[in-house]
There are 2 protein chains.
Amino acid sequence: MKPLTQKTLTISIQDYLKHIYELTENGENASTNALARKLRISAPSVTGMVQKMASAKPALVEYQKHQGVTLTKEGRRAALEVIRHHRLLEAWLVQTLGYSWDEVHEEAERLEHVISEDFERRIAAAMGHPLRDPHGELIPTADLKMPIEDSTPLSALRPTQTGTIQCVKAADTGLLRYLESLGLVPGAQIEVKEYSPFDHNLTVKVGRKTTVLGMNITSKIYIEES
Amino acid sequence: MKPLTQKTLTISIQDYLKHIYELTENGENASTNALARKLRISAPSVTGMVQKMASAKPALVEYQKHQGVTLTKEGRRAALEVIRHHRLLEAWLVQTLGYSWDEVHEEAERLEHVISEDFERRIAAAMGHPLRDPHGELIPTADLKMPIEDSTPLSALRPTQTGTIQCVKAADTGLLRYLESLGLVPGAQIEVKEYSPFDHNLTVKVGRKTTVLGMNITSKIYIEES
DNA sequence: AATAAAATTTAGTTATGCCTAAATTATTCT
DNA sequence: AGAATAATTTAGGCATAACTAAATTTTATT
Ligand SMILES: [Mn+2]
Ligand SMILES: [Mn+2]
Ligand SMILES: [Mn+2]
Ligand SMILES: [Mn+2]
(Lines give C-alpha, C1' and ligand atoms only; values in the text may rest on other atoms or scores of the structure.)
(Ligands and ions follow the chains in the order given, each with its own letter.)
Protein backbone atom coordinates (compact mmCIF):
# COMPACT_ATOMS: atom_id res chain seq x y z
CA MET A 1 0.00 0.00 0.00
CA LYS A 2 3.00 2.33 -0.07
CA PRO A 3 2.85 4.86 -2.88
CA LEU A 4 5.03 4.02 -5.85
CA THR A 5 6.41 7.52 -5.94
CA GLN A 6 7.90 7.19 -2.48
CA LYS A 7 9.52 3.76 -2.59
CA THR A 8 11.21 3.28 0.72
CA LEU A 9 14.81 4.35 0.62
CA THR A 10 17.41 2.58 2.72
CA ILE A 11 18.73 4.32 5.82
CA SER A 12 22.12 4.66 4.13
CA ILE A 13 20.64 6.37 1.11
CA GLN A 14 18.58 8.66 3.34
CA ASP A 15 21.79 9.67 5.09
CA TYR A 16 23.58 10.33 1.82
CA LEU A 17 20.69 12.49 0.62
CA LYS A 18 20.64 14.50 3.81
CA HIS A 19 24.36 15.19 3.70
CA ILE A 20 24.33 16.03 0.00
CA TYR A 21 21.53 18.50 0.69
CA GLU A 22 23.48 20.11 3.53
CA LEU A 23 26.62 20.46 1.45
CA THR A 24 24.98 21.87 -1.67
CA GLU A 25 22.67 24.14 0.33
CA ASN A 26 25.73 25.82 1.80
CA GLY A 27 27.05 26.39 -1.69
CA GLU A 28 29.74 23.77 -1.23
CA ASN A 29 30.43 21.17 -3.89
CA ALA A 30 29.14 17.73 -2.92
CA SER A 31 32.31 16.03 -4.07
CA THR A 32 33.09 12.42 -3.31
CA ASN A 33 35.68 13.37 -0.73
CA ALA A 34 33.57 16.02 0.95
CA LEU A 35 30.77 13.48 1.30
CA ALA A 36 33.15 10.82 2.53
CA ARG A 37 34.44 13.13 5.26
CA LYS A 38 30.95 14.20 6.27
CA LEU A 39 29.49 10.71 6.30
CA ARG A 40 32.64 9.18 7.79
CA ILE A 41 32.73 6.61 5.04
CA SER A 42 35.66 5.86 2.73
CA ALA A 43 35.77 7.70 -0.58
CA PRO A 44 35.52 4.53 -2.70
CA SER A 45 32.37 3.53 -0.83
CA VAL A 46 30.89 6.93 -1.58
CA THR A 47 31.72 6.64 -5.27
CA GLY A 48 29.90 3.32 -5.39
CA MET A 49 26.87 4.67 -3.64
CA VAL A 50 26.49 7.86 -5.65
CA GLN A 51 26.77 5.83 -8.85
CA LYS A 52 23.94 3.71 -7.59
CA MET A 53 21.84 6.70 -6.57
CA ALA A 54 22.41 8.26 -9.98
CA SER A 55 21.20 5.18 -11.81
CA ALA A 56 18.25 4.49 -9.54
CA LYS A 57 14.86 4.18 -11.24
CA PRO A 58 13.88 7.73 -10.50
CA ALA A 59 17.40 9.10 -10.18
CA LEU A 60 18.13 10.69 -6.81
CA VAL A 61 21.26 12.57 -7.85
CA GLU A 62 22.96 13.76 -10.96
CA TYR A 63 26.52 12.62 -11.06
CA GLN A 64 29.41 13.50 -13.31
CA LYS A 65 32.67 11.69 -12.75
CA HIS A 66 35.09 13.81 -10.74
CA GLN A 67 32.47 16.55 -10.44
CA GLY A 68 30.48 15.50 -7.43
CA VAL A 69 26.69 15.22 -7.26
CA THR A 70 23.63 17.43 -7.18
CA LEU A 71 20.19 16.37 -6.06
CA THR A 72 17.43 15.72 -8.57
CA LYS A 73 13.90 16.90 -7.74
CA GLU A 74 13.20 13.41 -6.38
CA GLY A 75 16.40 13.39 -4.34
CA ARG A 76 15.71 16.82 -2.96
CA ARG A 77 12.23 15.86 -1.83
CA ALA A 78 13.55 12.75 -0.14
CA ALA A 79 16.29 14.77 1.58
CA LEU A 80 13.78 17.30 2.87
CA GLU A 81 11.61 14.46 4.13
CA VAL A 82 14.46 13.19 6.28
CA ILE A 83 15.38 16.67 7.46
CA ARG A 84 11.76 17.40 8.36
CA HIS A 85 11.67 14.22 10.43
CA HIS A 86 14.94 15.09 12.12
CA ARG A 87 14.00 18.61 13.10
CA LEU A 88 10.46 17.80 14.17
CA LEU A 89 11.85 15.01 16.32
CA GLU A 90 14.39 17.31 17.93
CA ALA A 91 11.64 19.79 18.78
CA TRP A 92 9.44 17.00 20.06
CA LEU A 93 12.15 15.50 22.26
CA VAL A 94 12.83 18.89 23.84
CA GLN A 95 9.21 19.87 24.28
CA THR A 96 7.75 16.65 25.60
CA LEU A 97 10.62 14.68 27.12
CA GLY A 98 12.75 17.44 28.54
CA TYR A 99 15.81 16.73 26.42
CA SER A 100 18.25 19.63 26.27
CA TRP A 101 19.30 21.02 22.92
CA ASP A 102 22.67 19.32 23.10
CA GLU A 103 21.16 15.87 23.63
CA VAL A 104 18.57 15.65 20.87
CA HIS A 105 20.66 15.31 17.75
CA GLU A 106 21.92 11.79 18.24
CA GLU A 107 18.50 10.44 19.16
CA ALA A 108 16.82 12.17 16.21
CA GLU A 109 19.54 10.82 13.95
CA ARG A 110 18.29 7.28 14.55
CA LEU A 111 14.56 7.95 14.82
CA GLU A 112 14.33 10.05 11.64
CA HIS A 113 14.59 6.95 9.46
CA VAL A 114 11.91 4.84 11.09
CA ILE A 115 8.97 7.05 12.03
CA SER A 116 5.86 6.85 9.89
CA GLU A 117 4.26 9.76 8.07
CA ASP A 118 1.45 9.38 10.59
CA PHE A 119 3.87 9.85 13.46
CA GLU A 120 5.30 12.89 11.72
CA ARG A 121 1.85 14.44 11.32
CA ARG A 122 0.94 13.73 14.93
CA ILE A 123 3.99 15.32 16.50
CA ALA A 124 3.80 18.29 14.13
CA ALA A 125 0.15 18.86 15.07
CA ALA A 126 0.79 18.31 18.78
CA MET A 127 3.41 21.06 18.72
CA GLY A 128 1.27 23.40 16.63
CA HIS A 129 3.35 22.98 13.48
CA PRO A 130 6.57 24.60 14.67
CA LEU A 131 8.69 26.50 12.17
CA ARG A 132 12.06 25.86 13.78
CA ASP A 133 13.84 23.13 15.71
CA PRO A 134 15.55 23.67 19.09
CA HIS A 135 18.65 25.02 17.38
CA GLY A 136 16.55 27.49 15.46
CA GLU A 137 16.93 25.67 12.16
CA LEU A 138 13.98 25.88 9.79
CA ILE A 139 11.77 22.83 9.49
CA PRO A 140 10.75 21.90 5.95
CA THR A 141 6.98 22.21 5.53
CA ALA A 142 4.62 19.25 5.31
CA ASP A 143 4.65 19.57 1.51
CA LEU A 144 8.43 19.53 1.60
CA LYS A 145 9.40 23.07 0.80
CA MET A 146 12.29 24.58 2.72
CA PRO A 147 11.29 28.02 4.07
CA ILE A 148 13.69 30.83 3.30
CA GLU A 149 16.18 31.72 5.99
CA ASP A 150 16.92 35.43 6.06
CA SER A 151 19.43 35.53 8.89
CA THR A 152 23.15 36.18 8.45
CA PRO A 153 26.16 34.55 10.12
CA LEU A 154 27.39 36.41 13.17
CA SER A 155 30.81 36.33 11.53
CA ALA A 156 29.54 38.86 8.98
CA LEU A 157 28.57 41.46 11.61
CA ARG A 158 30.80 44.32 12.76
CA PRO A 159 30.91 46.57 15.84
CA THR A 160 27.74 48.38 16.84
CA GLN A 161 25.57 46.00 14.85
CA THR A 162 22.87 44.30 16.96
CA GLY A 163 20.42 41.49 16.43
CA THR A 164 18.70 38.38 17.69
CA ILE A 165 20.14 34.88 17.47
CA GLN A 166 17.95 33.02 15.05
CA CYS A 167 19.75 29.74 14.76
CA VAL A 168 22.87 27.83 15.78
CA LYS A 169 24.14 25.44 13.12
CA ALA A 170 25.92 22.90 15.29
CA ALA A 171 25.34 19.40 16.55
CA ASP A 172 28.35 18.94 18.81
CA THR A 173 27.29 18.42 22.42
CA GLY A 174 30.26 20.20 23.92
CA LEU A 175 29.93 23.27 21.74
CA LEU A 176 26.19 23.53 22.33
CA ARG A 177 26.65 23.33 26.08
CA TYR A 178 29.34 25.96 25.95
CA LEU A 179 27.15 28.28 23.91
CA GLU A 180 24.23 27.79 26.24
CA SER A 181 26.44 28.65 29.23
CA LEU A 182 27.22 31.96 27.49
CA GLY A 183 23.56 32.62 26.76
CA LEU A 184 24.14 32.18 23.04
CA VAL A 185 20.82 30.49 22.28
CA PRO A 186 18.07 31.27 19.76
CA GLY A 187 16.14 34.36 20.80
CA ALA A 188 19.06 35.98 22.64
CA GLN A 189 19.77 39.65 21.89
CA ILE A 190 23.36 40.38 21.00
CA GLU A 191 25.53 43.36 20.22
CA VAL A 192 28.88 43.29 18.48
CA LYS A 193 31.38 45.36 20.46
CA GLU A 194 34.73 44.74 18.80
CA TYR A 195 36.26 43.12 15.76
CA SER A 196 39.86 41.92 15.59
CA PRO A 197 41.09 41.64 12.04
CA PHE A 198 43.44 38.80 11.00
CA ASP A 199 42.01 36.37 13.58
CA HIS A 200 38.45 37.52 12.89
CA ASN A 201 37.51 37.42 16.55
CA LEU A 202 34.34 39.23 17.57
CA THR A 203 33.66 40.63 21.01
CA VAL A 204 29.99 40.16 21.62
CA LYS A 205 27.69 41.30 24.39
CA VAL A 206 24.87 38.91 25.34
CA GLY A 207 22.71 40.01 28.27
CA ARG A 208 25.28 41.33 30.73
CA LYS A 209 28.02 38.98 29.58
CA THR A 210 30.71 39.94 27.09
CA THR A 211 32.65 37.26 25.27
CA VAL A 212 35.25 37.00 22.55
CA LEU A 213 34.30 34.48 19.89
CA GLY A 214 36.43 33.03 17.07
CA MET A 215 35.34 32.39 13.51
CA ASN A 216 34.79 28.73 14.36
CA ILE A 217 31.90 29.82 16.49
CA THR A 218 30.69 33.04 14.86
CA SER A 219 30.27 31.27 11.52
CA LYS A 220 27.78 28.90 13.11
CA ILE A 221 25.56 31.47 14.81
CA TYR A 222 22.95 33.11 12.59
CA ILE A 223 21.54 36.52 13.41
CA GLU A 224 18.48 38.46 12.44
CA GLU A 225 19.73 42.06 12.44
CA SER A 226 17.80 44.77 14.21
CA MET B 1 31.81 3.97 25.44
CA LYS B 2 29.11 1.30 25.11
CA PRO B 3 29.27 -1.29 27.84
CA LEU B 4 30.79 -4.60 26.76
CA THR B 5 27.97 -6.52 28.33
CA GLN B 6 25.39 -4.88 26.08
CA LYS B 7 27.08 -4.97 22.69
CA THR B 8 24.58 -3.68 20.21
CA LEU B 9 22.59 -6.44 18.59
CA THR B 10 21.36 -6.09 15.02
CA ILE B 11 17.69 -5.39 14.42
CA SER B 12 17.32 -8.87 12.93
CA ILE B 13 18.75 -10.53 15.99
CA GLN B 14 16.57 -8.41 18.26
CA ASP B 15 13.55 -9.63 16.32
CA TYR B 16 14.61 -13.25 16.56
CA LEU B 17 15.10 -12.91 20.31
CA LYS B 18 11.68 -11.34 20.78
CA HIS B 19 9.93 -14.05 18.83
CA ILE B 20 11.85 -16.83 20.53
CA TYR B 21 10.85 -15.37 23.88
CA GLU B 22 7.20 -15.20 22.87
CA LEU B 23 7.16 -18.78 21.66
CA THR B 24 8.94 -20.30 24.63
CA GLU B 25 7.02 -18.18 27.13
CA ASN B 26 3.79 -19.70 25.83
CA GLY B 27 5.24 -23.14 26.40
CA GLU B 28 5.62 -23.71 22.66
CA ASN B 29 8.80 -25.15 21.19
CA ALA B 30 10.85 -22.52 19.39
CA SER B 31 11.50 -24.82 16.45
CA THR B 32 13.06 -23.62 13.23
CA ASN B 33 9.75 -23.82 11.39
CA ALA B 34 7.71 -22.16 14.12
CA LEU B 35 10.19 -19.29 14.12
CA ALA B 36 10.20 -19.12 10.34
CA ARG B 37 6.41 -18.80 10.28
CA LYS B 38 6.36 -16.21 13.03
CA LEU B 39 9.18 -14.11 11.58
CA ARG B 40 7.99 -14.61 7.98
CA ILE B 41 11.46 -15.72 6.99
CA SER B 42 12.38 -18.95 5.22
CA ALA B 43 13.31 -21.92 7.39
CA PRO B 44 16.87 -22.18 6.00
CA SER B 45 17.47 -18.54 6.85
CA VAL B 46 16.31 -19.20 10.38
CA THR B 47 18.63 -22.17 10.73
CA GLY B 48 21.53 -19.98 9.68
CA MET B 49 20.65 -17.25 12.11
CA VAL B 50 20.07 -19.45 15.15
CA GLN B 51 23.39 -21.17 14.51
CA LYS B 52 25.00 -17.76 14.53
CA MET B 53 23.18 -16.70 17.68
CA ALA B 54 24.20 -19.92 19.40
CA SER B 55 27.87 -19.40 18.61
CA ALA B 56 27.92 -15.69 19.40
CA LYS B 57 30.53 -14.60 21.94
CA PRO B 58 28.13 -14.59 24.83
CA ALA B 59 25.69 -17.11 23.34
CA LEU B 60 22.16 -15.77 22.97
CA VAL B 61 20.45 -19.13 22.51
CA GLU B 62 21.10 -22.77 23.12
CA TYR B 63 20.56 -24.78 20.00
CA GLN B 64 20.37 -28.49 19.36
CA LYS B 65 19.95 -29.62 15.78
CA HIS B 66 16.32 -30.50 15.04
CA GLN B 67 15.34 -29.49 18.59
CA GLY B 68 14.78 -25.77 18.28
CA VAL B 69 16.28 -23.12 20.55
CA THR B 70 15.99 -21.79 24.09
CA LEU B 71 17.22 -18.45 25.32
CA THR B 72 20.34 -18.17 27.43
CA LYS B 73 20.35 -15.72 30.31
CA GLU B 74 21.97 -13.19 27.96
CA GLY B 75 19.42 -13.84 25.24
CA ARG B 76 16.55 -13.56 27.65
CA ARG B 77 17.75 -10.22 28.94
CA ALA B 78 18.12 -8.89 25.43
CA ALA B 79 14.65 -10.13 24.51
CA LEU B 80 13.12 -8.45 27.54
CA GLU B 81 14.94 -5.27 26.63
CA VAL B 82 13.25 -5.19 23.23
CA ILE B 83 9.87 -6.12 24.68
CA ARG B 84 10.17 -3.39 27.30
CA HIS B 85 10.90 -0.88 24.56
CA HIS B 86 7.97 -2.09 22.50
CA ARG B 87 5.43 -1.96 25.28
CA LEU B 88 6.59 1.34 26.72
CA LEU B 89 6.44 2.82 23.24
CA GLU B 90 2.91 1.55 22.68
CA ALA B 91 1.80 3.11 25.94
CA TRP B 92 3.60 6.32 25.08
CA LEU B 93 2.09 6.57 21.62
CA VAL B 94 -1.40 6.13 23.04
CA GLN B 95 -0.95 8.48 25.97
CA THR B 96 0.84 11.35 24.31
CA LEU B 97 0.00 11.18 20.62
CA GLY B 98 -3.54 9.89 20.70
CA TYR B 99 -2.83 6.68 18.82
CA SER B 100 -5.53 4.05 19.26
CA TRP B 101 -4.62 0.61 20.54
CA ASP B 102 -4.91 -0.90 17.08
CA GLU B 103 -2.45 1.56 15.52
CA VAL B 104 0.48 1.39 17.90
CA HIS B 105 1.94 -2.01 17.22
CA GLU B 106 3.42 -1.36 13.80
CA GLU B 107 5.00 1.94 14.84
CA ALA B 108 6.45 0.43 18.03
CA GLU B 109 7.79 -2.46 15.98
CA ARG B 110 10.16 -0.10 14.17
CA LEU B 111 10.96 2.29 17.01
CA GLU B 112 11.79 -0.41 19.55
CA HIS B 113 15.14 -1.08 17.89
CA VAL B 114 16.45 2.45 17.72
CA ILE B 115 15.52 4.29 20.90
CA SER B 116 18.25 4.89 23.46
CA GLU B 117 18.18 3.75 27.06
CA ASP B 118 17.83 7.41 27.90
CA PHE B 119 14.70 7.69 25.77
CA GLU B 120 13.35 4.57 27.45
CA ARG B 121 13.93 6.04 30.91
CA ARG B 122 12.36 9.34 29.94
CA ILE B 123 9.11 7.94 28.59
CA ALA B 124 8.82 5.48 31.47
CA ALA B 125 9.24 8.30 33.96
CA ALA B 126 6.89 10.62 32.08
CA MET B 127 4.15 7.99 32.29
CA GLY B 128 4.82 7.19 35.94
CA HIS B 129 6.41 3.81 35.20
CA PRO B 130 3.35 2.02 33.83
CA LEU B 131 2.97 -1.68 34.52
CA ARG B 132 1.05 -2.56 31.37
CA ASP B 133 0.86 -1.52 27.72
CA PRO B 134 -2.39 -0.44 25.98
CA HIS B 135 -3.34 -4.07 25.37
CA GLY B 136 -2.86 -4.83 29.04
CA GLU B 137 0.35 -6.76 28.50
CA LEU B 138 2.91 -6.58 31.29
CA ILE B 139 5.91 -4.36 30.73
CA PRO B 140 9.26 -5.84 31.80
CA THR B 141 10.77 -3.79 34.63
CA ALA B 142 13.73 -1.46 34.20
CA ASP B 143 16.01 -4.19 35.55
CA LEU B 144 14.54 -6.57 32.98
CA LYS B 145 12.42 -8.90 35.05
CA MET B 146 9.07 -9.93 33.63
CA PRO B 147 6.34 -9.47 36.25
CA ILE B 148 4.10 -12.46 36.85
CA GLU B 149 0.80 -12.49 35.01
CA ASP B 150 -1.92 -14.10 37.10
CA SER B 151 -4.82 -13.80 34.67
CA THR B 152 -6.36 -16.72 32.82
CA PRO B 153 -7.56 -17.02 29.22
CA LEU B 154 -11.25 -16.29 28.80
CA SER B 155 -11.45 -19.62 26.98
CA ALA B 156 -10.91 -21.36 30.32
CA LEU B 157 -13.93 -19.74 32.00
CA ARG B 158 -17.40 -21.29 32.19
CA PRO B 159 -20.92 -19.94 32.76
CA THR B 160 -21.53 -17.77 35.81
CA GLN B 161 -17.82 -16.96 36.14
CA THR B 162 -17.09 -13.24 36.12
CA GLY B 163 -14.01 -11.12 35.93
CA THR B 164 -12.16 -8.15 34.52
CA ILE B 165 -10.32 -8.12 31.23
CA GLN B 166 -6.67 -7.78 32.07
CA CYS B 167 -5.06 -8.10 28.69
CA VAL B 168 -5.70 -8.83 25.03
CA LYS B 169 -2.89 -10.71 23.32
CA ALA B 170 -3.34 -9.54 19.75
CA ALA B 171 -1.69 -7.18 17.33
CA ASP B 172 -4.04 -7.42 14.34
CA THR B 173 -5.66 -4.07 13.64
CA GLY B 174 -8.97 -5.53 12.47
CA LEU B 175 -9.38 -7.80 15.46
CA LEU B 176 -8.50 -5.06 17.92
CA ARG B 177 -11.01 -2.67 16.38
CA TYR B 178 -13.68 -5.36 16.48
CA LEU B 179 -13.00 -6.12 20.12
CA GLU B 180 -13.10 -2.45 21.01
CA SER B 181 -16.46 -2.08 19.29
CA LEU B 182 -17.74 -4.86 21.56
CA GLY B 183 -16.30 -3.20 24.66
CA LEU B 184 -13.78 -6.00 25.06
CA VAL B 185 -10.91 -3.85 26.30
CA PRO B 186 -8.70 -4.04 29.39
CA GLY B 187 -10.64 -3.06 32.49
CA ALA B 188 -14.02 -4.20 31.16
CA GLN B 189 -16.17 -6.33 33.46
CA ILE B 190 -17.44 -9.50 31.88
CA GLU B 191 -19.67 -12.42 32.76
CA VAL B 192 -19.75 -15.78 31.01
CA LYS B 193 -23.37 -16.67 30.24
CA GLU B 194 -23.16 -19.80 28.09
CA TYR B 195 -20.70 -22.37 26.89
CA SER B 196 -21.20 -24.43 23.73
CA PRO B 197 -19.17 -27.60 23.80
CA PHE B 198 -17.55 -28.95 20.61
CA ASP B 199 -17.12 -25.50 19.08
CA HIS B 200 -16.03 -24.00 22.42
CA ASN B 201 -18.02 -20.83 21.87
CA LEU B 202 -18.63 -18.65 24.89
CA THR B 203 -21.55 -16.27 25.28
CA VAL B 204 -20.23 -13.31 27.19
CA LYS B 205 -21.91 -10.28 28.67
CA VAL B 206 -19.93 -7.03 28.59
CA GLY B 207 -21.72 -3.95 29.87
CA ARG B 208 -25.18 -4.32 28.40
CA LYS B 209 -23.96 -6.16 25.30
CA THR B 210 -23.98 -9.92 24.96
CA THR B 211 -21.79 -11.60 22.35
CA VAL B 212 -20.83 -15.08 21.27
CA LEU B 213 -17.08 -15.50 20.94
CA GLY B 214 -15.12 -18.37 19.36
CA MET B 215 -11.93 -19.92 20.68
CA ASN B 216 -9.92 -17.82 18.25
CA ILE B 217 -10.92 -14.81 20.27
CA THR B 218 -11.45 -16.20 23.78
CA SER B 219 -7.96 -17.66 23.82
CA LYS B 220 -6.51 -14.19 23.33
CA ILE B 221 -8.42 -12.39 26.08
CA TYR B 222 -7.02 -12.75 29.59
CA ILE B 223 -9.23 -12.37 32.62
CA GLU B 224 -8.68 -11.67 36.28
CA GLU B 225 -11.45 -13.60 37.95
CA SER B 226 -13.63 -11.99 40.57
C1' DA C 1 55.18 21.38 -20.60
C1' DA C 2 56.59 18.19 -17.19
C1' DT C 3 56.03 16.70 -12.73
C1' DA C 4 54.18 16.36 -8.17
C1' DA C 5 50.16 16.24 -5.32
C1' DA C 6 45.44 15.59 -4.54
C1' DA C 7 41.07 13.74 -5.69
C1' DT C 8 38.59 10.17 -7.54
C1' DT C 9 37.52 5.77 -9.41
C1' DT C 10 38.24 0.72 -10.25
C1' DA C 11 39.10 -3.83 -8.56
C1' DG C 12 38.73 -7.09 -5.39
C1' DT C 13 37.01 -8.43 -0.39
C1' DT C 14 34.16 -8.76 3.53
C1' DA C 15 29.99 -9.11 6.70
C1' DT C 16 24.87 -9.32 7.12
C1' DG C 17 20.94 -11.45 6.24
C1' DC C 18 18.04 -12.98 3.19
C1' DC C 19 16.62 -16.61 -0.77
C1' DT C 20 15.70 -21.36 -3.46
C1' DA C 21 16.75 -26.06 -4.45
C1' DA C 22 18.45 -30.24 -2.89
C1' DA C 23 19.88 -33.36 0.69
C1' DT C 24 19.26 -35.14 5.11
C1' DT C 25 17.03 -36.45 9.37
C1' DA C 26 12.93 -37.34 12.16
C1' DT C 27 8.22 -38.71 12.54
C1' DT C 28 4.04 -40.99 11.19
C1' DC C 29 1.45 -44.44 8.88
C1' DT C 30 0.53 -48.92 6.91
C1' DA D 1 10.01 -52.76 9.64
C1' DG D 2 9.64 -50.07 5.54
C1' DA D 3 7.67 -46.30 3.14
C1' DA D 4 5.72 -41.87 2.98
C1' DT D 5 5.60 -37.35 4.94
C1' DA D 6 7.18 -33.52 7.46
C1' DA D 7 10.79 -30.88 9.50
C1' DT D 8 15.24 -29.35 9.22
C1' DT D 9 19.75 -28.49 7.48
C1' DT D 10 23.30 -27.92 3.79
C1' DA D 11 24.82 -25.85 -0.42
C1' DG D 12 25.07 -22.27 -3.37
C1' DG D 13 23.42 -17.44 -4.53
C1' DC D 14 22.18 -12.65 -4.22
C1' DA D 15 21.68 -7.70 -2.56
C1' DT D 16 23.39 -4.08 0.34
C1' DA D 17 26.87 -1.45 2.01
C1' DA D 18 31.00 -1.19 3.88
C1' DC D 19 36.49 -1.74 3.39
C1' DT D 20 41.71 -1.50 1.46
C1' DA D 21 45.01 -1.29 -2.19
C1' DA D 22 46.02 0.08 -6.68
C1' DA D 23 45.13 2.63 -10.86
C1' DT D 24 43.58 6.66 -12.97
C1' DT D 25 42.33 11.37 -13.65
C1' DT D 26 42.46 16.16 -12.45
C1' DT D 27 44.69 20.11 -10.53
C1' DA D 28 48.56 22.64 -8.90
C1' DT D 29 53.48 23.72 -9.01
C1' DT D 30 57.78 24.54 -10.91
MN1 LIG E 1 20.28 17.83 14.55
MN1 LIG F 1 7.71 12.46 6.40
MN1 LIG G 1 2.56 -4.76 20.14
MN1 LIG H 1 16.22 -0.52 27.15
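Residues numbered from 1 in each chain as written. Chains lettered and ligands numbered in written order. Predicted model: local features only at pLDDT ≥ 70, side-chain atom pairs only at ≥ 80, totals over all residues. Heavy atoms only, no water.

J.: When you look at the packing of aromatic side chains in this model, what are you seeing that I'm missing?
T.: Describing an aromatic ring pair means giving the distance of the ring centres and the angle of the ring planes. With the rule as written, the count across this model stands at 0 aromatic pairs over all chains. Here the basic side chain of R122 of chain A rests over the ring of Y99 of chain B, its NZ or CZ set 4.0 Å away from the ring centre. In this arrangement the basic side chain of K169 of chain A is found over the ring face of Y222 of chain A, its NZ or CZ atom lying 4.5 Å from the centre. (Phe/Tyr/Trp six-rings, centres within 6.5 Å; stacked < 30°, edge-to-face > 60°. Lys NZ or Arg CZ within 6 Å of the ring centre and 35° of its normal.)

J.: Looking at this structure, I do not really get the protein's contact with DNA strand D. What am I missing?
T.: Near DNA strand D, the surroundings consist of 20 residues, among which T10 and S12 of chain A together with T32, Q51 and Y63 of chain B are the closest. Of everything in DNA strand D that lies within 4 Å of the protein, sugar and phosphate atoms constitute 81%. The contact in question runs from a phosphate oxygen of DNA strand D to an N or O atom on the side chain of T10 of chain A, over 2.6 Å. N33 of chain B is positioned such that a nitrogen or oxygen atom in its backbone is 3.0 Å from a phosphate oxygen of DNA strand D. Looking at the surface near DNA strand D, the elements with two or more residues in it are α1 (11-25) and α3 (43-54) of chain A together with α2 (32-39) and α3 (43-54) of chain B. Here the residues of the surface near DNA strand D sort into 7 nonpolar, 11 polar and 2 charged. (Near = heavy atom within 4 Å. Polar contact = N/O pair within 3.5 Å; in protein donor to acceptor, adjacent residues only side chain to side chain. Helix = DSSP H or I, 4+ residues; strand = E, 2+ residues; numbered from the N terminus. Nonpolar A, V, L, I, M, F, W, Y, C, P; charged D, E, K, R; others polar.)

J.: In this structure, what is going on with the interface of chain B and chain A? I would like to understand it.
T.: When the parts of a complex come together, some accessible area is lost, and that lost area is often taken as the interface size. With 18 residues of chain B at the interface, the matching set in chain A holds 18 residues. Here chain B packs against chain A, burying approximately 1,500 Å² in sum over the two surfaces, 59% of which is carbon and sulfur. The largest share of the area that chain B buries against chain A comes from L97, V114 and R122 of chain B, three residues that together contribute 39% of it. Our enumeration of links across chain B and chain A arrives at 2 salt bridges. Notably, a salt bridge pairs E103 of chain A with R122 of chain B, separated by 3.1 Å at the nearest N-O pair. (Contact = heavy atoms within 4.5 Å. Buried area = accessible area lost by both parts, 1.4 Å probe. Salt bridge = Lys/Arg side-chain N within 4 Å of Asp/Glu carboxyl O.)

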